[in-house]
Amino acid sequence: MFPMGVGSNVIIRDGGLDAVVIRLGRGFYGFEVDGTRVTCGPALLDAHCARKAADAGLDLTFLRTIPGAIGGAVAMNAGCYGSYMADVFVEATVVLRSGEVVVLTRDDLHFAYRQSQLPQGAVIVEVVMEAPTGEPAALHARMEEQLAKRDATQPTKDRTAGSTFRNPAGFSSTGRADDSHELKAWKVIDDAGLRGTRLGGAQMSEKHPNFLINTGGATAADLEDLGEQVRKKVFEHSGIELHWEVLRVGFR
């Protein structure tokens, strides 16, 4: 069984999957507010959740620029601008591979940078978060600023699976002027001279070298092989081992 959101951080290998793929539809787009608690469906887009929360005076703005759905955000402890799903997560209702329905808390999931210990094959069906409060207009203005910054620095118009590798330092960008970039994945890739590197139809973006893009007709093998070449050359250059953030599944 392979639960899948919108596929924004996944490479499906060319040989396909030997699995039942579960894609949750409109019945799992729910969004409810009770005080400072937000309950939503796992198929709700991160961006929609952030906007709806802002309308209610709740600050989930870090989700606005993350191109995925809430279920995936829980599974990978998605984060941006120094905030993570773990910071707001209360609990998730999941259906286990056995069919049992259980409620998992933050302690159960053991969140870490870009990862959680969600049971293999578990399907999230509801997520509860506790959000800080804020003034709606200010929250929406902050999100507009974040979007503008993202569009100026990332290849948002290209076909990409998002950030390719985890930051070696183990934290996401804070977005602040004093944020250190020395151990960001894009910086170590750039320092190794790999910005714009190509293999077949795959390329490390010229605009942001931690984005692996499909320039047209790339196979999954092109994308994964280029990523592995980058990992090898970065290690040879700096001794830093990059770890994939993009999930790669299936047969080559």
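Within every chain, residues take consecutive numbers counted from 1 along the sequence as written. Residue-level local features of this predicted model are given only where pLDDT is at least 70; pairs of side-chain atoms are given and counted only at 80 or more, and the full residue set underlies all totals for whole chains, interfaces and linings. To obtain the side-chain values, all non-hydrogen atoms of the structure were included, while hydrogens and water were left out.

Notes on the side chain of R13
Then step 1. Segments assigned H or I by DSSP are reported as helices when at least four residues long, segments assigned E as strands when at least two residues long, and all are numbered from the N terminus. Inspection of the secondary structure assignment puts R13 in the loop between β2 (10–12) and β3 (21–23).
Then step 2. On the basis of relative accessible area, R13 is assigned to the buried category, the value being 18%.
Then step 3. Contacts described as polar in this section are N or O atom pairs within 3.5 Å, which, within protein, must combine one atom able to donate a hydrogen with one able to accept it, while residues neighboring in sequence count only if both atoms come from side chains. Separated by 2.8 Å, the side chains of R13 and E224 make a polar contact.
Then step 4. Residues within four places of R13 in sequence aside, it is in contact with A220, E224, R248, V249, G250, F251 and R252. Here's how the labels work: a residue is buried when its accessible area is under 20% of the maximum for its type, exposed when over 50%, partly exposed in between, all with a 1.4 Å probe on protein chains only. Whether two residues are in contact is decided by their heavy atoms, any of which lying within 4.5 Å being enough.

Side note on the side chain of E224
Then step 1. Examined against the element boundaries, E224 turns out to sit in helix α7 (residues 220–238).
Then step 2. For E224, the side chain forms a polar contact with the side chain of R248, separated by 3.1 Å.
Then step 3. When near neighbours in sequence (up to four residues on either side) are disregarded, E224 contacts R13, W244, R248 and R252.

Considerations on the pattern of salt bridges
Then step 1. The salt bridge criterion pairs a side-chain nitrogen of Lys or Arg with a carboxyl oxygen of Asp or Glu, the two atoms within 4 Å. In this structure the tally under the stated criterion is 14 salt bridges.
Then step 2. Linking R142 and D59 is a salt bridge whose minimum nitrogen-to-oxygen distance equals 2.8 Å. Of this pair, R142 sits in helix α5 (residues 136–153) while D59 sits in the loop between α1 (46–55) and α2 (70–75), placing them 83 residues apart in sequence.
Then step 3. Among the salt bridges present, the one from D191 reaches K187, with a minimum N-O distance of 3.1 Å.

Brief notes about the nonpolar core
Then step 1. Residue types Ala, Val, Leu, Ile, Met, Phe, Trp, Tyr and Cys, when buried and joined through side-chain atoms within 4.5 Å, form a set referred to as a nonpolar core. Grouped together as the largest cluster of nonpolar side chains are 37 residues, with contacts concentrated most on L60, L63, V127 and M129.
Then step 2. Of all elements in the fold, only β5 (37–40), α1, α2, α3 (85–88), β8 (89–95), β9 (101–105), β10 (123–130) and α5 reach the threshold of two or more residues within this core.
Then step 3. No other element matches α1, which puts 4 residues into this core.
Then step 4. The residues contacting L60, other than those within four sequence positions of it, are V38, C49, A50, A53, V88, M129 and A131.

Everything listed is a geometric property; what it means functionally is a separate question.
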